[in-house]
Amino acid sequence: MHLLVLGANSDIAQAAAAVFARQEGAHLYLASRDLESLERRAKDLELRYQVKTEVLAFDALDYASHAGFYQRLDPKPDGVLLAFGFMGEQSRSQRDFEQARRVLEVNLMAAVSILEIVAADFEAKGRGFIIGLASPAGERGRQSNYIYGTAKGGLIVYLSGLRHRLHRSGVRVLTVLPGFVNTKMTQGLDLPGLLVAEPEEAARDIYRAFKRGKDRVYSKWFWRYIMLIIRWLPERVFKRTNL
Amino acid sequence: MNASQARSISGWGRYPRLKAQSLTPDKASHIRECLDGRGELIVHALGRSYGDSALNSRVLLTRRLNHVLDFDPQRGLVECESGVSLAELIEAFLPRGWFLGTTPGTRFVSVGGAIAADVHGKNHHQAGCFSQSVLSFKLMLPSGEVITCSPLENAEIFRATCGGMGLTGVILSARLKLSPLSSAYIDERIIKTRNLEETFAYFQASHEWPYSVAWLDCLARGEDMGRSLLMLGRPARDGGLHLPRKKGLVLPVDLPRWTFNQATVGLFNYLYYHLQRAPVRKRVSHLLDYFYPLDSIGHWNKMYGRRGFTQYQFVIPKEASYQGLRSVLDRISQAGLGSFLVVLKLLGPANDNCLSFPLEGYTLALDFQIQGRLFPLLEELDRVVLDHGGRIYLAKDVRMSRQTFRQGYPRWAEFTALRERLGAGAKLASLQSKRLGV
């Protein structure tokens, strides 16, 4: 198996890449902007799991480069893990449209750009899988995080549409909704300790959902119930909360 | 460099607990910035030392220093960053026929921590401490300078850092020599002994077994005192090199305080001892089960309740061991503070590191729930241990006094002087190092 990891410097991506290398012996295309630290990780994964890795420069926001990037992959991947993302700071996104735009572009536009290219290839071949990291933040706009939530919400809808379209071609699309995970992205946030998972736990959940052929998975499992409540709170109650 | 955050940390004993500012560097330059920052800090990797040796109000977490850097499959040499755990090394290299030369009773310790505590295992009498399989390591000194240390290069700093509890610098990466293995199984022989004398005799007679350790019934008194199950092991010839695929249990919550009392501890010890009927039993175990029986219960440290626990581990030189151990066991049983887990081992000769714990003699480790009347008892035990020429293990300690430390580790002054020279005093410190005055 060849797995293309987009945004391979993300902690969840690296943990998931390790699980696919260990369990599936997957060879890895690790794509990101920061290649220096990625080289070290690639070597680490090769030594640990005896898989082949290739480190590739990939800029999510350079849409024009995406087609060429994918074209150069040889062999083409059997699966794609889309893990790049950018959270930004909510209060800054409110004041600074450039940051808000960046949040929307990285999380949504860039995903559409590269995944349409991947989807066309997989659809033509009639096989392949796409795993997209979205977020529970995308399930309901909350005052504390709604710009990021908007982007991830768009991604959730996009992935569900993609799944619908590719179903008849035998291509699978898995939407992952990780709750609080102890990663670079959440470092510095004051998160409720009990709800925070480690990247390795998220990676295990992703792999298990992949093996079971699920369409959607929360990580950790209890987010499903937390989000059930948050989604179903009536608006007139919800808007008074501090969420 | 990631922003720091306040988080609650503790050692494996979950006593004491404190809020610490935690830093998570991912490369050497970031660690340098941390050291340049104001105030002292200590490395806190996987938090498996029991007491306060990896605690301070500023801690440096190593979860991003977790890269395997190189592996030579011909000679079994591995180079990795200090935050890589022994469990990760086993997972990667056991299937290829390589295992750790020395391993402590848990595989969830970091390579850096194993060096800093110069941990020992069931084969200490033959293979020595962890440092024995360390070819070299890279150490960032408090000044920010990175040096390579080995038994030949910067040897003095090597000998102070192995066992030096993270107080000489930050270990960045290490080169380790793994041992070849043809099976992931251990041929075990379990010998039931009737008293301490017999336990000692069997230990002495089992020197050629590469692995040995005994579980001891600490509440047995009188003639039965020191009765044990001595577990000997040697690598099996076959069985394959696979890792077991099974899920462990996790203890999700603190057990209530009353779980531990004279009656439950006594009953457990009684049953554990008597469940084996035959004087000698043979079995074959996977090495993960043999070396790490407790690793299969996640968070077993919650067993001792919210107040936490401490493990009291000491060693007494061989010639005085019998008297010393009897005296310790007497006092424990008089105090009625039993321990579920009492582990006895005959250690081999001491090495040349400044603060490494082992010396030739018997070491005993006991778990105690934290409670008011425990500390006076431990003070009393300290005196017995010192009177018999022994000392307390720093990786477990949370309360020994400065005098106890200095008497047990006569090379403390040499260590402190080296720290002075390296400028480590103001940069690297733990609650333990401050308590012990190093």
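Before reading further, recall that the structure is shown in the block above.
My aim in this report is to walk through the structure given alongside it, one point at a time. (Residues numbered from 1 in each chain as written. Chains lettered and ligands numbered in written order. Predicted model: local features only at pLDDT ≥ 70, side-chain atom pairs only at ≥ 80, totals over all residues. Heavy atoms only, no water.)

As a further point, take the overall build of chain B. Assigned secondary structure in chain B consists of 13 helices and 21 strands. Taken over C-alpha atoms, the radius of gyration comes to 21 Å for chain B, in line with the 22 Å a tight globule of 438 residues would show. Taken across its 438 residues, chain B has 60% of its residues classed as buried. When contacts within chain B are restricted to residue pairs at least 6 apart in sequence, those whose partners lie at least 24 apart make up 75%. One finds the centroid of the 54 positive side-chain charges in chain B at a distance of 5 Å from the centroid of its 39 negative side-chain charges. (Helix = DSSP H or I, 4+ residues; strand = E, 2+ residues; numbered from the N terminus. Rg over C-alpha atoms; globule rule 2.2 N^0.38 Å. Buried < 20%, exposed > 50% of the residue type's maximum accessible area, 1.4 Å probe, protein only. Contact = heavy atoms within 4.5 Å. Lys, Arg positive; Asp, Glu negative; His and termini not counted. Charge placed at Lys NZ, Arg CZ, Asp CG, Glu CD.)

Time to look at the sheet that holds strand β1 (residues 2-6) of chain A. All names here are of chain A. In space, the seven strands of this open sheet follow the order β3-β2-β1-β4-β5-β6-β7, with parallel pairing throughout. Two strands close off the open sheet at either side, each with one partner strand: β3 (53-57) and β7 (216-219). Here the average twist between neighbouring strands, direction ignored, is 15°. Pairing of strand β5 (residues 129-133) with strand β6 (residues 172-178), which is carried by five bridges, proceeds in the parallel orientation. Counted as the bridge partner of Ile131 is Leu174 from β6. (Pairing = 2+ DSSP bridges. Axes fitted to C-alpha atoms, helices over the stretch in contact; angles between N-to-C directions.)

Let us look at the pairing of strand β13 (residues 211-216) of chain B. Along any regular strand, the residues point their side chains to alternate faces of the sheet. All names here are of chain B. Burial runs high along β13: six of the six residues are buried. Residues of β13 alternate between two faces, with Tyr211, Val213 and Trp215 on one and Ser212, Ala214 and Leu216 on the opposite face, all of them buried. Two strands pair when backbone bridges link them, and β13 and strand β14 (residues 228-235) are joined in this way by six bridges, in the antiparallel orientation. Residue pairing in the sheet places Ala214 in a bridge with Leu230 of β14. Two strands pair when backbone bridges link them, and β13 and strand β19 (residues 342-347) are joined in this way by two bridges, in the antiparallel orientation. By the bridge assignment for β19, Trp215 is matched with Val343.

With that out of the way, let us pick up the packing of aromatic side chains. Overall, the coordinates contain 29 aromatic pairs over all chains when judged by the stated rule. Between Phe200 of chain B and Tyr322 of chain B the ring centres are 5.9 Å apart and the planes differ by 80°, which places this aromatic pair in the edge-to-face class. Residue Phe200 of chain B is found in helix α6 (residues 196-205), and its partner Tyr322 of chain B is found in helix α9 (residues 318-335); the two are separated by 122 residues along the sequence. Aromatic rings pair up to connect Trp12, Tyr50, Trp300, Tyr304 and Phe309 of chain B into one cluster. When the ring centre of Tyr70 of chain A is taken as reference, the NZ or CZ atom of Lys76 of chain A above it lies at 5.5 Å. (Phe/Tyr/Trp six-rings, centres within 6.5 Å; stacked < 30°, edge-to-face > 60°. Lys NZ or Arg CZ within 6 Å of the ring centre and 35° of its normal.)

All names here are of chain B. Inspection of the secondary structure puts Leu86 in helix α2 (residues 86-93). Taking the C-alpha atoms as reference points, Leu86 and Arg107, separated by 21 residues in sequence, lie 5.1 Å from one another. When neighbours within four sequence positions are excluded, Leu86 is seen to be in contact with Leu100, Thr103, Pro104, Arg107, Val109, Val111 and Phe130.

Turning next to the nonpolar core. Residue and element names in this part refer to chain B. Among the nonpolar cores identified, the biggest contains 116 residues, and Leu89, Phe93, Ile115, Phe137, Tyr312, Phe314 and Leu344 are the most heavily contacted of them. In terms of residue count, helix α10 (residues 374-387) provides more of this core than any other element does, six residues in total. Sequence-distant contacts of Tyr312, that is, excluding residues within four places in its chain, are made with Leu364, Ala365, Leu366, Phe368, Leu378, Leu381, Asp382, Val385, Ile392 and Arg399. (Core = buried A, V, L, I, M, F, W, Y, C linked by side-chain atoms within 4.5 Å.)

All names here are of chain B. Every buried residue of α6 is listed here: Leu196, Glu198, Thr199, Phe200 and Phe203. Turning to α6, the residues buried within the fold contact β12 (185-193), β13, β14, α9, β19 and β20 (361-369). Near the N-terminus of α6, the side chain that reaches the backbone nitrogen of Glu197, with its oxygen 3.2 Å away, is that of Asn195. (Polar contact = N/O pair within 3.5 Å; in protein donor to acceptor, adjacent residues only side chain to side chain.)

In this fold, Ala151 of chain A is placed in helix α6 (residues 146-167). Remark: the alpha-carbon pair of Ala151 of chain A and Leu108 of chain A, spanning 43 residues in sequence, is separated by 5.5 Å.

Residues and elements named next belong to chain A. Where helix α1 (residues 11-24) meets helix α7 (residues 199-211), the axes come as close as 8 Å, and the angle between the chain directions of the two elements is 50°. The angle between α1 and α7 falls in the class oblique. Once α1 is placed against α7, the crossing between them reads as right-handed. In contact with Asp11, Ile12, Ala15, Ala16, Val19, Phe20, Gln23 and Glu24 of α1, α7 contributes Pro199, Glu200, Ala202, Ala203, Ile206, Tyr207, Phe210 and Lys211. Across the contact of α1 with α7, the residue classes break down as 11 nonpolar, one polar and four charged. (Parallel < 35°, antiparallel > 145°, perpendicular 65-115°, else oblique. Left-handed = near helix turned anticlockwise from the far one by under 90°. Nonpolar A, V, L, I, M, F, W, Y, C, P; charged D, E, K, R; others polar.)

All names here are of chain B. Examined against the element boundaries, Ser10 turns out to sit in strand β1 (residues 5-10). For Ser10, a relative accessible area of 18% gives the class buried. If sequence neighbours within four positions are ignored, Ser10 has contacts with Pro16, Arg17, His44 and Leu55.

Turning next to the pairing of strand β10 (residues 170-177) of chain B. All names here are of chain B. For β10, a buried count of six out of eight residues is recorded, marking the element as mostly surrounded by other parts of the structure. As judged from the five bridges shared by strand β6 (residues 77-81) and β10, these two strands associate in the antiparallel manner. When the bridges of β10 are listed, Cys80 appears paired with Ala174. Two strands pair when backbone bridges link them, and strand β8 (residues 134-140) and β10 are joined in this way by six bridges, in the antiparallel orientation.

Right, let's talk about the side chain of Thr183 of chain A for a bit. Structurally, Thr183 of chain A is set in the loop between β6 and α7. Assessed through its relative accessible area of 7%, Thr183 of chain A is described here as buried.

What follows deals with the sheet that holds β14 of chain B. All names here are of chain B. Across the sheet, which stays open at both edges, the eight strands sit in the order β16-β12-β14-β13-β19-β20-β18-β21 with antiparallel pairing between neighbours. Whereas interior strands pair on both sides, the edge strands pair on one side only; in this sheet they are β16 (280-286) and β21 (391-392). With eight bridges joining them, β12 and β14 adopt antiparallel strand pairing. When the bridges of β14 are listed, Ile191 appears paired with Leu230. Packing of α6 onto the sheet brings it into contact with β12, β13, β14, β19 and β20, and relative to β19 it is tilted by some 45°. The sheet strands contacting α10 are β18 (309-317), β20 and β21, and the helix crosses β18 at an angle near 15°.

So, on to the environment of Met400 of chain B. Considering the arrangement of structural elements, one finds Met400 of chain B in the loop between β21 and α11 (402-408). Other than its neighbours up to four places away in sequence, Met400 of chain B contacts Asp382, Ile392, Leu394, Phe405, Arg435 and Leu436 of chain B.

Moving on, we come to a nonpolar patch on the surface. Residues Trp221, Tyr225, Leu228, Ile229 and Trp232 of chain A make up a contiguous nonpolar surface patch of roughly 670 Å² in combined accessible area. Mapped onto the elements of the fold, Ile229 of chain A is located in helix α8 (residues 223-232). (Patch = residues over 30% accessible without salt bridge, like charges linked within 9 Å, V, L, I, M, F, W, Y side chains within 5 Å. Areas by Shrake-Rupley, 256 points an atom, 1.4 Å probe, with all protein chains shown as cover. Salt bridge = Lys/Arg side-chain N within 4 Å of Asp/Glu carboxyl O.)

Across all of its chains, the model carries 37 salt bridges over all chains by this definition. As a salt-bridge pair, Lys318 of chain B and Glu360 of chain B come within 3.9 Å of each other at their nearest N and O atoms. Of this pair, Lys318 of chain B sits in helix α9 while Glu360 of chain B sits in the loop between β19 and β20, and the two are 42 residues apart along the sequence. Look at the salt bridges and you will find they share partners, linking Arg41, Asp44 and Arg48 of chain A together with Glu88 of chain B into a network.

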